[in-house]
Amino acid sequence: MPIWHGTVDAIQFRSLCEQARHGGGKLVALWGSDELARNAGYAVHAALVTATGMLCLTLPLSVERPAYPDISDIFPGAARMQRATADLLGLHATGADDHRKWIRHASWPGNVHPLRKNFDGKTVFSTEVDAYPFVSVTGDGVHEIPVGPVHAGTIEPGHFRFSIIGDRVLRLEERLGYTHKGVEKRFESLNLEQGAKLAGRISGDSTVAYAWAYAQAVESVTGTTPPPRALALRAVLLELERIHNHLGDLGALGNDVALAFGFAQFWILKEDLLRLNSDLFGHRYLMDKVTPGGVACDLDDQGRERILRMFRHLEHEVRLLKDIYDEHAGVQDRYLTTGRVSPDLAAELGLTGLSGRASGQAWDLRAEFPCAPYDRLDVRMVTHLNGDVAARVAVRFEEVLESMRLIRLILDQLPAGELRASVGAAPENALGLGWVEGWRGEVLIALHTGKDNEIHRLHPHDPSWQNWPVLEHAVIRDVVPDFPVINKSFNLSYTGVDL
Amino acid sequence: MYQIIKQILKTGIKTEGPPQADDALRVEIQNLQEQILRHVGRALTIRCVDAGSCNACELEIQALNNAYYNIGGLGINFVASPRHADMLLVTGPVSRHMEIALKRTYDATPDPKLVVAVGDCGCNGGIFAESYASCGRVSNVIPVDVAIPGCPPTPTAILQGILTAVSRRPSTDTTP
């Protein structure tokens, strides 16, 4: 995959972002770092993707004036990344509209920046009740519904502030950051080997995607090439992860529109798959199976046969359930036109991943910049133009079938050989990037190495960063009772962005 | 409708019931079910609180609702308010941003209440440990009756933990 990395000044930083945007490119991630120990002040980094590959920009910032030009007018999705960078590193985006805190609640004071190197991660401040200036909507009959952080179901914590008239949503404002547990600071206390375990726990439902992205980042700085068998098995694990998440979502999306039958059916299929994962690879969610250099599992002929046998059943069931969902008037009534993000809006706001593809954003890393083994699989990207709940459901159905096709192809010609290559030492002050199309969208790991295989800075980037702000738009004009099904149809990660 | 009914009939009952003599897992689950019914008797209501987990523990708690574990069939239900709950099922580590919300949820749960901490992080802070952002284990924030290790613990382990907590519950039907 072509990746360019360069150091730029503030004017180039903005103009390259503008050029990327005009060329149809998008922002993958933005993060900052503290380079004081290297006598280089601070730095802000942006990863952009264009039709030709990834462009990673580093803009050095002085100690006296740790500020950089705002790019949220070019890429709206940058706004929260910039606010998080201000909270964690004290680096400010000059000219931005919104300077409210984002990750920080009331567990540390505003003049403290946890990702600065002079901040000891063990420092504890007294926790106070957070005061956050929500945008209030006023007018006759407008009122607010606060929801969370503790939610009614078994889901992650976050706060949603609805401003409504009657049942119609005028505005939704999200307040996240509740699961901030210091992941990025924690990485800096680990070496490259220890980091793999933490990478697999950034967002548990995407553990394979993160572990693979982390492995790629480590392999790129150490010049390691994993053996072909390991790469093939990684893709099998990643597609299994995609299938089990999609099955779970399809069931939950049935449940959310009162089709308990759908939940029961899909969660039987999901459990069957999780048990197979456990039998074949030793973990239901495949945690810690992708490691830098290769994989920590293998698949024998018997295991291969079990997967193929299960897929024969799974494919039959998924096709049958798709017909039932498609022909169920009550289900379609709830899905169609609900939570719609038009392709134009999706392009403007930078909607990505599965939700992006359901809104006409034809982007899938496995198809655009396929790494091995995807380069010989000719991945069929699934897209839809309607951008509603129905479209996100349809994309999931198609992707389950496509993932099964891919796994069959891989298993058909599974290379023999080693499972792991030895990983050498990493040079100091190197940047390694890992970029994987997880089930939710593209996961990026940006790794800056320190001395002796230590991690100087690591930014894991979940596609939910881009997509959470779009959810606020998706619910406008829908009714409050449709929020659960709209939210589920995106199924974004809280822990992946709170870090 | 015909397709749905046909599919339901074809699927049959997946809930893991009578054990096969040689199937260790099934025996375990059936024993669990019997014990849970003995202790719980009628019903147990659980409020889940994700206090900062990586969401893998949530996946396994959700799996308890699938037809194989069928936790609802045991009289155990997840409820939407701590006011309705007998038990809090808490995943961790407890982030400092969730500390107040967790304490308030605990306070809002009527006595006598049980707290079960789920997962390695809930037990000991796990890989996230304690820091400026993480309080670590659940028992650093609220009293915990039972802690279930695992990363994430399997649905069976979670059921076992719930049972352990319930069987420890002080008898409430003793009349003076």
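One can find the structure itself at the top, above this paragraph.
Bear in mind the structure is a predicted one, so any value in this text is a computation, not a measurement. (Residues numbered from 1 in each chain as written. Chains lettered and ligands numbered in written order. Predicted model: local features only at pLDDT ≥ 70, side-chain atom pairs only at ≥ 80, totals over all residues. Heavy atoms only, no water.)

### Section: the overall build of chain A
Argument step 1. Of the regular secondary structure elements, chain A holds 16 helices and 14 strands.
Argument step 2. In terms of overall size, chain A behaves like a compact globule, its C-alpha atoms giving a radius of gyration of 22 Å where 499 residues would be expected to give roughly 23 Å.
Argument step 3. If you line up chain A on its principal axes, its C-alpha atoms span 65 × 65 × 45 Å.
Argument step 4. Split into buried and exposed, the 499 residues of chain A put 64% on the buried side.
Argument step 5. The contacts in chain A between residues at least 6 apart in sequence include a share of 69% that link residues at least 24 apart. (Helix = DSSP H or I, 4+ residues; strand = E, 2+ residues; numbered from the N terminus. Rg over C-alpha atoms; globule rule 2.2 N^0.38 Å. Buried < 20%, exposed > 50% of the residue type's maximum accessible area, 1.4 Å probe, protein only. Contact = heavy atoms within 4.5 Å.)

### With respect to the packing of aromatic side chains
Residue and element names in this part refer to chain A.
Argument step 1. All chains considered together, the criterion is met by 18 aromatic pairs over all chains.
Argument step 2. Measuring from ring centre to ring centre gives 6.4 Å for Phe119 and Phe125, while their planes differ by 15 degrees; the resulting arrangement is stacked.
Argument step 3. Judged by relative accessible area, which is 9%, Phe119 ranks as buried.
Argument step 4. In this structure Phe125 comes out as partly exposed when scored by relative accessible area, which is 23%. (Phe/Tyr/Trp six-rings, centres within 6.5 Å; stacked < 30°, edge-to-face > 60°.)

### Remarks on the nonpolar core
Generally speaking, soluble globular proteins have nonpolar side chains that are buried together.
Argument step 1. Core analysis: the largest hydrophobic core is formed by 150 residues, its most contacted members being Tyr214, Phe311 and Tyr335 of chain A.
Argument step 2. Sort the elements by how many residues they give to this core and helix H6 (residues 228-255) of chain A lands first, with 12 residues.
Argument step 3. Among all residues touching Tyr214 of chain A, those that are not within four sequence positions of it are Phe187, Asn191, Leu192, Gly195, Ala196, Ala199, Pro292, Ile445, Ile455 and Leu458 of chain A.
Argument step 4. Within the second largest apolar cluster, 25 residues are counted, among which are Ile268 of chain A together with Cys48, Leu89 and Val166 of chain B. (Core = buried A, V, L, I, M, F, W, Y, C linked by side-chain atoms within 4.5 Å.)

### Here's the deal with the interface of chain B and chain A
Argument step 1. Contacts between the two partners involve 52 residues from chain B, matched on the other side by 61 residues from chain A.
Argument step 2. Of the roughly 4700 Å² buried between chain B and chain A on both sides combined, carbon and sulfur atoms contribute 62%.
Argument step 3. Counting the contacts that link chain B with chain A gives two salt bridges.
Argument step 4. A salt bridge links Glu60 of chain B to Arg284 of chain A; the nearest nitrogen and oxygen atoms lie 2.5 Å apart.
Argument step 5. Taken together, the connections running from chain B to chain A amount to 27 residue pairs in polar contact (both at pLDDT 80 or more).
Argument step 6. Those elements giving two or more residues to the side of chain B that touches chain A turn out to be helix H1 (2-11), strand S1 (44-50), helix H3 (56-63) and helix H4 (96-108) of chain B.
Argument step 7. When residues of the side of chain B that touches chain A are assigned to their parent elements, the largest contribution, eight residues, is made by H4 of chain B.
Argument step 8. A class-by-class count of the residues in the side of chain B that touches chain A yields 26 nonpolar, 15 polar and 11 charged. (Buried area = accessible area lost by both parts, 1.4 Å probe. Salt bridge = Lys/Arg side-chain N within 4 Å of Asp/Glu carboxyl O. Polar contact = N/O pair within 3.5 Å; in protein donor to acceptor, adjacent residues only side chain to side chain. Nonpolar A, V, L, I, M, F, W, Y, C, P; charged D, E, K, R; others polar.)

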